[in-house]
Amino acid sequence: MELDLSPKLAKKVYGDDGGSYHAWCPNELPMLREGNIGAAKLALEKNGFALPRYSDSSKVAYVLQGAGVAGIILPESEEKVIAIKKGDAIALPFGVITWWYNKDDTELVVLFMGDTSKAHKAGQFTDFFLTGTNGIFTGFTTDFVKRAWDVDDATAKALVGNQNGKGIVKLDANVKMPEPKPDHRKGMALNCEEAPLDTDIKNAGNVVLLNTKNLPLVGQVGMGADLVRLEGNAMCSPGFSCDSALQVTYIVKGSGRLQVVGVDGKRVLETIVKAGNLLIVPRFFVVSKIADPDGLSWFSIITTPNPVFTHLAGSIGAWKAISPEVLQAAFKVPAETEKVFRSKRSNDAIFFPPPK
């Protein structure tokens, strides 16, 4: 049976006044289950507080909109309280406990993508909440809670039962939350919109790679990531992940045309992508994008911390490395045609400006 590769939007799972949590369903996007990938979004309104939780999956978080505060507690480590804003990428290894808070008028939206190979459900994150109506300790009897926390009966019941929210709550405006500490941010987050560009092609596009060099924690997560910004009407070279990694792409801004070609040269997907879409390209399949006039930006995770790509066009394309005689024989063309082919795209790498 052929997999449906068409881009999908997230659907609301839960939420109330403080915000909402949305996820992509493996039943609608089968590549999530096939690739053991999960994807979700957290949206917090002003004074929205995402209760402390841990997950059954390692993830990369990316701030799509707004600003706020995140609390991150790595196993056997102190709490890191960091300021987060649009463009921030954060690596969240197994066992990390997190909470999220928005004190601003602008909605805070955080994207999560990660590996579900060890999760309870393939292609889906399961969060375990420390408090709230679905908190872990609501399942223990009072005598277990009292013994664990060394508190009396009334205190145990208050700690477990007072919070009647589920996952996300709205705090009173006068509630004071921890202030972020600048030194806590080091090594925990990287702003992809401000980081040095790994590739920058004039009038075409640029990319920032997230890997073990600029954010070592991605090594523990086991994934790399990138933020790609394509100028209006520019093209991203056809290419594929040559180290068997899967690429999971979320369209951050703009729109454009996308084509994916798979086994036996069959075009398996031709579509228009737009902001909010999520799609997954199968291993070794070749993908290319052309931006609409307003441009196209996307954030991707790659299921290896230091991904390697092969491009099939441009100055660093694989064709340039193949000897002329082999190209002539492979394409079944004369030497003159091969020379014309080789002479093209001699200066453009990965991204190509619009035709003049």
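Throughout, residues of each chain are indexed from 1 in the direction in which the sequence is written. In view of the model being predicted, local features appear only for residues whose pLDDT reaches at least 70, and side-chain atom pairs are presented and counted only at 80 or more, with totals across whole chains, interfaces and linings using the full set of residues. For side-chain calculations, the full set of non-hydrogen atoms in the structure is used, while hydrogens and water are omitted.

With respect to the UniProt feature "domain: Cupin type-1" (unreviewed entry) in the protein
UniProt positions are given in the numbering used here, feature names are shortened, and annotations may be inferred rather than shown by experiment. UniProt annotation of "domain: Cupin type-1" (unreviewed entry) refers to residues 3-157 and 195-339 when read in the numbering used here. Strands here mean DSSP runs of E at least two residues long; helices mean DSSP runs of H or I at least four residues long; both are numbered from the N terminus. As annotated, residues 3-157 has a helix share of 12% and a strand share of 46%, and its two end C-alpha atoms lie 49 Å apart.

Comments concerning the environment of Glu231
Position of Glu231 relative to the elements: it lies in the loop between strand S16 (224-230) and strand S17 (235-241). Residue classification places Glu231 among the partly exposed positions, given a relative accessible area of 40%. In this structure the C-alpha to C-alpha distance between Glu231 and Ala154, which are 77 residues apart in sequence, comes to 61 Å. With residues near it in sequence (within four places) discarded, Glu231 still touches Asn203, Ala204, Gly205, Ala291 and Gly295. Buried residues are those whose accessible area, probed at 1.4 Å on protein chains only, stays under 20% of the maximum for their type, while exposed residues exceed 50% and partly exposed ones sit between those limits. Throughout, a contact is declared for two residues whenever any of their heavy atoms are within 4.5 Å.

A short note on the side chain of Lys8
Mapped onto the secondary structure, Lys8 falls in the segment before strand S1 (11-16). From its side chain, Lys8 meets the backbone oxygen of Glu28 in a polar contact 3.5 Å long. In protein, a polar contact requires one atom able to donate a hydrogen and another able to accept it; more generally it is a pair of N or O atoms within 3.5 Å, and residues adjacent in sequence count only if both atoms are side-chain atoms.

Quick notes on the packing of helix H6 (residues 324-331) against helix H7 (residues 335-343)
Here H6 crosses H7 at 110°, and the two axes come no closer than 9 Å. It follows from the interaxial angle that H6 and H7 lie roughly perpendicular. Two packed elements cross with a definite hand, and for H6 against H7 that hand is right-handed. In contact with Pro324, Leu327, Gln328 and Phe331 of H6, H7 contributes Ala335, Glu338, Phe341 and Arg342. Each residue gets one label: Ala, Val, Leu, Ile, Met, Phe, Trp, Tyr, Cys and Pro are nonpolar, Asp, Glu, Lys and Arg are charged, and the others, such as Gly, are polar. Looking at side-chain class alone, the contact of H6 with H7 contains five nonpolar, one polar and two charged residues. To obtain each axis, a line is fitted to C-alpha atoms, and for helices this fit is confined to the stretch in contact; angles are then taken between N-to-C directions over 0 to 180 degrees. Orientation categories follow fixed angle ranges, with anything under 35 degrees roughly parallel, anything over 145 roughly antiparallel, 65 to 115 roughly perpendicular, and all other angles oblique. The crossing is said to be left-handed when, going from far helix to near helix, the turn is anticlockwise and less than a right angle, and right-handed when the turn is clockwise.

Let's talk about unusual backbone geometry
Both trends apply: most residues other than glycine have a negative phi, and most peptide bonds are in trans. Of note in this structure, Asn203 is not a glycine but carries a positive phi near 65°. Locating Asn203 in the fold gives a position in the loop between strand S14 (199-201) and strand S15 (205-210). Under the relative-accessibility criterion, Asn203 is labelled exposed at 52%.

Describing the pairing of strand S10 (residues 108-115)
Most of S10 is tucked away, with seven of its eight residues classed as buried. Here a strand pair is declared whenever DSSP counts at least two bridges between the two strands. Pairing of strand S3 (residues 37-44) with S10, which is carried by eight bridges, proceeds in the antiparallel orientation. For Leu42, the partnering residue across the bridge sits in S10 and is Val110. Where strand S5 (residues 58-65) meets S10, seven bridges bridge the pair, whose relative direction is antiparallel. Within S10, the residue paired with Gln65 across the bridge is Val109.

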